[in-house]
Amino acid sequence: MSYYDLDAILTDAEKVPCKFELDVPDLGYLDNNPSQALKAQTPVSLSLWLAELLALSSRTQSSNPEDSAPFLTLEMPKALSNEVVSALKADPRAVALRDQTHNMYGLATRMLDLFEEPELCAVLRRTFVTRAAETALHARKAGATDDVVRGEGFLSGLEEWERSLFRRAHDGNKACKEWMEGVKK
Amino acid sequence: MALPLPQGLMPTEVAFLCEMEMLFTPPSDTVTPDHDAAITCMRNRKLRPACQPNLQGDTPALKPPHRAQMPLWLALLLKKQRRANIVPPAWLHPASLAEIIHHETNIDPQAFSPPPPPPTRAEGRTGRARPFQENIRSTREAPKPGDDPRLAPPFLPSCTADAPAGYLPYHWLELAEALLAHAADDVPQQAEVRALLRDLQEVRAAKMRGSTQSLEGGGGVVVLRGVGAMELAESRGFVLGVVDGVRKLGASAEATRRDEEANGGGGGRYGGGRGEFEDSDEEMEF
């Protein structure tokens, strides 16, 4: 992953729900209450890069992993909540992933690094593969026929990984079509 | 910065390589090896000898009643000058194409139709369909011991234009398109052949899209046996994209599995962040 990868930067900025394990002074404005300290266990959303750091680092100096405690605990973001996952289980093609978040799979891989969720991993893999076949079909048909309306709903629901996949599939088809039209010359 | 070219060969490059396929050509005019036609086209195609030293060679002498074997590019050039006709390969016959489509749709709807059967050993050793190669070796340099050309698929004669009826060679789409574009009058029942080729292309493109479905379960491997060069060039970006995406999605699970294997199933080596996370994971279940 490149340092200048815009998708990675945007994924870093995704908001993740989390709860602080201790009272934090001067952070009350995160809970719309600027005059007081942020109480422990108040649900707030932080950017993934910050939440990840705070959740992985220990607030005590001791090197013993037993009594080390993180600053906050993370929860699954809404895009990977149970409702979305069960909808994906039912029919991967019917869910507009882009409405959940623009970097659905990017966020999911980051969360899977943090949580051990074999089931979520399997559901996402099935979703990706099933939607990829559909994406390739649209990539092949794009521009060839006039029924734009049919694919529009699905295509506008593609998130960033799937968009780049669409572009690659379409580029291949386009190069092949161009050659085929140029054969006669 | 990297070149903005996609991975692998472009369709146009594949079509260029396909022009070295050997075809039978009954000439209608005498063309000697040092005849102007051959020389001009070699000159026009300076690139070819330069980039691929084993693709160059002498052209055979053409005497009207005898058919000669020559590469596609030369055959097309002579065809345009009306000095030769082209014998379309056996697999391009409508009956053969219909048989292949039947195999693709009814007999084995999952896999691609098989590539041409492996040749006999002697064929693979000598490269029967490569008189160019033979010429070079006999005239310019004595063959070194242990240097006899041992060809492997898809470069075996039977995998190229010589493929028997009912099997698609490696360069099937490019060769068929080139013949239909430039030597349509030599292809029998060309309208039917065109329609069958379109059908075949669509059937196989749908299979190519479906081939990635087997990655769903985890241990799936995409079988691409019998896929032609042009189809590969067309779908390479897509298939690689899917495989890469599945790899990224499974990366963390794979890392955990490897860690467990390395530790013999125990999680004792985890310190710091990893251990904490497993704790916080448990807390969240309350």
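On a predicted model such as this, the values are computed, not experimentally measured, just so you know. Position labels on residues start from 1 in each chain and follow its written sequence. Just so you know, chain letters begin at A and ligand numbers begin at 1, following the order they were written in. With the structure being a predicted model, the display of local features is reserved for residues of pLDDT at least 70 and the display and counting of side-chain atom pairs for 80 or more, all residues being used for whole-chain, interface and lining totals.

Q: Explain the overall build of chain B to me, please; I cannot follow it from the model alone.
A: The way it works is that DSSP assigns letters per residue, a run of H or I at least four long becomes a helix, a run of E at least two long becomes a strand, and they are numbered from the N terminus. Looking only at helices and strands, one finds 12 helices and 2 strands in chain B. When the helices and strands of chain B are placed in sequence order, the string is α-β-α-α-β-α-α-α-α-α-α-α-α-α. Across the 286 residues that make up chain B, the buried fraction comes to 33%. Throughout, a residue-residue contact means that the two C-beta atoms, derived from backbone geometry, are no farther apart than 7 Å. Partitioning the intrachain contacts of chain B with sequence separation of at least 6 by distance along the chain shows that 79% fall at a separation of at least 24. Between the buried cut of 20 or more and the exposed cut of 12 or fewer other C-beta atoms within 10 Å of a residue's own C-beta lies the partly exposed class, and all C-beta atoms are placed from the backbone.

Q: When you look at the UniProt feature "domain: DNA replication complex GINS protein PSF3 N-terminal" (unreviewed entry) in chain A in this model, what are you seeing that I'm missing?
A: UniProt positions are given in the numbering used here, feature names are shortened, and annotations may be inferred rather than shown by experiment. Feature annotation in UniProt assigns "domain: DNA replication complex GINS protein PSF3 N-terminal" (unreviewed entry) to the following positions: residues 4-55 of chain A. The annotated region residues 4-55 of chain A carries 29% helix and 21% strand content, and the separation between its end C-alpha atoms amounts to 25 Å.

Q: Explanation requested: the confidence of the model for chain B in the structure shown.
A: Detail in the predicted coordinates should be disregarded across regions flagged by low pLDDT. All names here are of chain B. Scored from 0 to 100, pLDDT reflects the predictor's confidence in each residue. Summing up the model confidence of chain B, the mean pLDDT is 70 and the portion of residues at 70 or higher is 61%. Within chain B, helix 9 (residues 190-210) carries the highest mean pLDDT (89), whereas helix 12 (residues 272-284) carries the lowest (40). Note that pLDDT drops below 50 for residues 46-56; the model gives that stretch 5 contacts with residues more than four away or on any other chain. Low confidence marks residues 266-286, where pLDDT is under 50. Its contacts with residues over four positions away, or in another chain, come to 18 contacts.

Q: Just to check I follow, could you spell out the interface of chain A and chain B for this structure?
A: Note on interface size: it is often stated as the accessible area lost on association of the parts. Listed as interface residues are 39 residues of chain A and, on the opposing side, 43 residues of chain B. Among the secondary structure elements, those contributing two or more residues to the side of chain A that touches chain B are helix 5 (104-114), helix 6 (118-141) and helix 8 (160-182) of chain A. In the side of chain A that touches chain B, the residues fall into 24 nonpolar, 6 polar and 9 charged. Amino acids are sorted into nonpolar (Ala, Val, Leu, Ile, Met, Phe, Trp, Tyr, Cys and Pro), charged (Asp, Glu, Lys and Arg) and polar (every other residue, Gly among them).

Q: Before we go on, may I ask you to explain the nonpolar core in this structure?
A: What we call a nonpolar core is a set of buried Ala, Val, Leu, Ile, Met, Phe, Trp, Tyr and Cys residues whose membership is set by joining through C-beta atoms within 7 Å. Membership of the largest hydrophobic core comes to 40 residues, with the highest contact counts inside it found for Ala108 of chain A together with Val242 of chain B. Those elements that provide at least two residues to this core are strand 1 (15-20), helix 2 (48-56), strand 3 (72-74), helix 3 (82-90), helix 5, helix 6 and helix 8 of chain A together with helix 10 (229-249) of chain B. Tallying contributions element by element places helix 6 of chain A first for this core, with 8 residues. Beyond its immediate stretch of four places on either side in the chain, alanine 108 of chain A contacts Leu80 and Leu124 of chain A. Among the nonpolar cores identified, the runner-up in size contains 39 residues, and Leu78, Trp172, Ala176 and Met230 of chain B belong to it.

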